[in-house]
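Architecture at a glance
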Amino acid sequence: MAFIGEVFRICAMGLSESSFGLVVNLYRDETMNLLIGALLLNPEDRISEGAKVNGMSRLASILLGDFAIGSIIDPIGNFILNSDRIDVQYRWVIESPAPGIIDRQSVFEPLQTGILSVDAMVPIGRGQRELVIGDRQTGKTSIGVDTILNQKYEKVFCVYLPIGQKASSVLEVYLALVRRDSVFYLSMIVAAATSSAVCQYLAAYSGAAICEFFMLVRELPAFLMIDDLSRHAVAYREIYLLLRRPPGREGYPGEIFFVHSRLLERSAKLSTNLGGGSTTCFPVIETLAGDVSAYISTNVISITDGQIFLSTDLFLSGIKPAIDVGLSVTRVGSAAQWDGMKLVAASYKLEIAQYVELQSFSQFAADLGEETKARLARGRRLVEMLKQFCGTPMTLMSQVGILSLAGQDLIKNLAVEDIRAFLEMYLAVPSWVMLLLPPRLVGVSIVSLLHN
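Residues numbered from 1 in each chain as written. Predicted model: local features only at pLDDT ≥ 70, side-chain atom pairs only at ≥ 80, totals over all residues. Heavy atoms only, no water.

1. As for the packing of helix 5 (residues 229-242) against helix 6 (residues 256-264)
Definition in use: Geometry is summarised by axes, namely lines fitted to C-alpha atoms with helices restricted to the contacting stretch, and by angles between N-to-C directions that run from 0 to 180 degrees. Helix and strand definitions follow DSSP, with helices as H or I runs of at least four residues and strands as E runs of at least two, each counted in order from the N terminus. An angle counts as roughly parallel when it lies under 35 degrees, as roughly antiparallel when it exceeds 145, as roughly perpendicular when it falls between 65 and 115, and as oblique in every other case. Crossing handedness is read from the near helix: turned anticlockwise from the far helix by less than a right angle, it gives a left-handed crossing, and turned clockwise, a right-handed one. We call two residues in contact when some of their heavy atoms are within 4.5 Å.
Taken N-terminus to C-terminus, the directions of helix 5 and helix 6 make an angle of 130 degrees; their axes are 11 Å apart at the nearest point. With respect to their mutual orientation, helix 5 and helix 6 come out oblique. Both helix 5 and helix 6 take part in a crossing whose hand is right-handed. Side by side, helix 5 and helix 6 meet where Leu 229, His 232, Ala 233 and Tyr 236 of the first sit next to Ile 256, Val 259, His 260, Leu 263 and Leu 264 of the second.

2. What about the side chain of Ser 71?
Assignment of secondary structure puts Ser 71 in the loop between strand 5 (61-64) and strand 6 (72-73). When neighbours within four sequence positions are excluded, Ser 71 is seen to be in contact with Phe 79, Leu 81, Asn 82, Ser 83, Leu 186, Ser 187 and Met 188.

3. Points about the packing of aromatic side chains
The cut-off we apply is this: Ring pairs are drawn from Phe, Tyr and Trp, using the six-membered ring of Trp, whenever the two centres fall within 6.5 Å, and their geometry is named by plane angle: stacked under 30 degrees, edge-to-face over 60, tilted for the rest. When a residue's accessible area, from a 1.4 Å probe over protein chains only, is under 20% of the maximum for its type it is buried; when over 50% it is exposed; and in between it is partly exposed.
Counted under the stated rule, the structure contains 11 aromatic pairs. Ring geometry for Phe 223 versus Phe 282: centroids 5.0 Å apart, planes at 80 degrees, classification edge-to-face. Taken together, the residues Phe 223 in strand 12 (residues 221-227) and Phe 282 in strand 13 (residues 278-286) connect sequence positions 59 residues apart. Residue classification places Phe 223 among the buried residues on the basis of a relative accessible area of 0%. Its relative accessible area of 0% is what places Phe 282 among the buried residues.

4. A few points about the environment of Ala 415
Relative to the helices and strands, Ala 415 resides in the loop between helix 12 (396-406) and helix 13 (419-427). Between the C-alpha atom of Ala 415 and that of Arg 381, which follows or precedes it by 34 residues, the distance is 8.2 Å.

5. Here we look at the sheet that holds strand 3 (residues 34-40)
For clarity, the threshold we go by: A pair of strands counts as paired when DSSP detects no fewer than two bridges linking them.
Strand order across the open sheet formed by 4 strands is 3-2-1-4, with antiparallel pairing between neighbours. The open sheet has two free edges, formed respectively by strand 3 and strand 4 (52-59), since each of these has just one partner strand. Sheet twist, expressed as the mean angle between neighbouring strand axes with direction ignored, is 40 degrees. As defined by bridge partners, strand 1 (residues 6-11) adjoins strand 2 (residues 19-28) across 4 bridges and the pair is classed as antiparallel. Its bridge partner lying in strand 2, Phe 8 is registered against Gly 21.

6. Some words on the environment of Ile 411
Within the secondary structure, Ile 411 sits in the loop between helix 12 and helix 13. Among the residues examined, Ile 411 registers a relative accessible area of 2% and is labelled buried. Sequence-wise, Ile 411 and Phe 422 are 11 residues apart; in three dimensions their C-alpha atoms are separated by 9.1 Å. Setting aside its immediate chain neighbours within four residues, Ile 411 contacts Arg 378, Arg 381, Leu 382, Met 385, Leu 405, Ala 406 and Ile 419.

7. What to know about the pattern of salt bridges
A side chain of one charge can pair with a side chain of the opposite charge when the charged atoms of the two come close. Filter applied, for reference: Salt bridge, as used here: a side-chain nitrogen of Lys or Arg that lies within 4 Å of a carboxyl oxygen of Asp or Glu.
Evaluation of the coordinates by the stated rule reveals 14 salt bridges. Notably, a salt bridge pairs Lys 342 with Asp 339, separated by 3.6 Å at the nearest N-O pair. Placement of the pair is Lys 342 and Asp 339 together in helix 9 (residues 339-345), with a separation of 3 residues, close to one helical turn. The exposure class assigned to Asp 339 is exposed, which follows from its relative accessible area of 52%. Residue Arg 378 pairs with Glu 351 through a salt bridge whose shortest N-O separation is 2.7 Å. Taken together, the residues Arg 378 in helix 11 (residues 370-386) and Glu 351 in helix 10 (residues 348-362) connect sequence positions 27 residues apart. Within this structure, Arg 104, Arg 129, Glu 265 and Asp 305 form a network of salt bridges that share partners.

8. Observations concerning the pairing of strand 11 (residues 186-189)
Our working rule: A clockwise course of the path from the first strand over the helix to the second, judged with the strands pointing away from the viewer, identifies a crossover as right-handed.
Of the two faces of strand 11, both are covered, the one formed by Leu 186 and Met 188 as well as the one formed by Ser 187 and Ile 189. Pairing of strand 6 with strand 11 involves 2 bridges; the strand directions are parallel. Counted as the bridge partner of Ile 72 is Met 188 from strand 11. As judged from the 3 bridges shared by strand 10 (residues 157-162) and strand 11, these two strands associate in the parallel manner. If you follow Val 159 over to strand 11, its bridge partner there is Ser 187. In this fold, the crossover linking strand 10 to strand 11 by way of helix 3 (residues 167-179) has right-handed handedness.

9. Side note on the UniProt feature "domain: ATPase F1/V1/A1 complex alpha/beta subunit nucleotide-binding" (unreviewed entry) in the chain
Which entries qualify depends on this criterion: UniProt positions are given in the numbering used here, feature names are shortened, and annotations may be inferred rather than shown by experiment.
As recorded in UniProt, the sites labelled "domain: ATPase F1/V1/A1 complex alpha/beta subunit nucleotide-binding" (unreviewed entry) are residues 114-329. Along residues 114-329, the helical share is 40% and the strand share 17%, with 18 Å between the first and last C-alpha atoms.

10. Some thoughts on the confidence of the model for the chain
Let me state the cut-off plainly: Confidence scores labelled pLDDT are given residue by residue by the predictor and lie between 0 and 100.
Predicted confidence across the chain gives a mean pLDDT of 87, with 96% of residues reaching 70 or more. The spread of mean pLDDT over the elements of the chain runs between strand 1, the lowest at 76, and strand 13, the highest at 96.

11. As for the side chain of Arg 381
This is how the line gets drawn: The charge count treats Lys and Arg as positive and Asp and Glu as negative. His and the chain ends do not count. Polar contacts, as used here, are pairs of N or O atoms within 3.5 Å; protein pairs need one atom able to donate a hydrogen and one able to accept it. Residues neighboring in sequence count only if both atoms are side-chain atoms.
By the secondary structure assignment, Arg 381 is in helix 11. Glu 417 is the oppositely charged side chain nearest to the buried, salt-bridge-free Arg 381, at an N-O distance of 7.1 Å. Separated by 3.2 Å, the side chain of Arg 381 and the backbone oxygen of Ile 411 make a polar contact. Among the polar contacts made by the side chain of Arg 381, one reaches the main-chain carbonyl oxygen of Leu 414 at a distance of 2.8 Å. The contacts of Arg 381, once residues within four sequence positions are left out, are Ile 411, Lys 412, Leu 414, Ala 415, Val 416 and Ile 419.

Here is the structure:
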């Protein structure tokens, strides 16, 4: 008797070795005959009628170990690029239940992304699930890549999981990480656009399994970047329409919410009794024309602990990362923020929000008061300070120094065009100088240099 989630083996004529599949559906037809819906893990294998099928009496699992660090593997555990490590291997279930409430603790440790606008206004904690949502070509992948780069000295194991991406784009991201010496704490699970829908569907759960392994066995904090879940949902819809399951809204099956919730619920901050490890997840959703009310978008927004919304208008106006402060939110709040960062970033988000409101109001006003003009000028400088190039994450000390200077009156004497030069000169100051001198004294020196 088969059960859902069981692995089976197919022995057919013409196959050099057995082909494996996964049972996903059990139902009876009109004559009460039992029908089994299954997924073939290797679509290149061709099976024919009359082939012998044997149940393996085990759940779908992959072999894991420290060899996964620095490796590129496919969703069923085969190597694409091996890290040449030799170690003990564990068999880990791909779809394991999420940790219970007793096994968790509240999120309190910050996960520094290195992106000033995120760490200051939308702080992320270890064990949190933060959705990255926006239109295509607005910098969603860049946020995950910058976060991976910033974990170089944080002892955080990272998993980058592209689903349905072009193989050339995946290779480009991997080579960018190699050039920055950031693959010694990274594992990639690749289900490219040329992969089957089954591989794209299983890839997300395999990535969560690798993070769980390092979270439970190695007691490490892990970071998972799923890029992206909208393609994962499309692959799941393709599978279940072929299995003749009844479609629901937008053609997706009714249990698509459960598919994503049981995946994202595996992100957790474990209690100290279980080692205190964590898994932080950044699922990505691609929207169409900024529509966040689509089916998959609203589903994942209700599952996650907040979202980072990337605006196309901000991106086209030159504000990168194009994070919309009004629509971005974190439900963990400042509990996962360093105390020094709380002091300097408390009023920053409020000032940015007031600037956006004043900016929209000033378009219809003919005559503005001096106070309003001063606020608009300060807001433009604050927005300019949030601009950051891709691949240049900031240290916590640099972020706190910049926010401290933004809260003072130093920047009002600078032109908006000089803000970028001011930040570059400030970040170029050696760290030992920053430890000896207060940020204001360094800032005053840089301002005087720019004026001269």
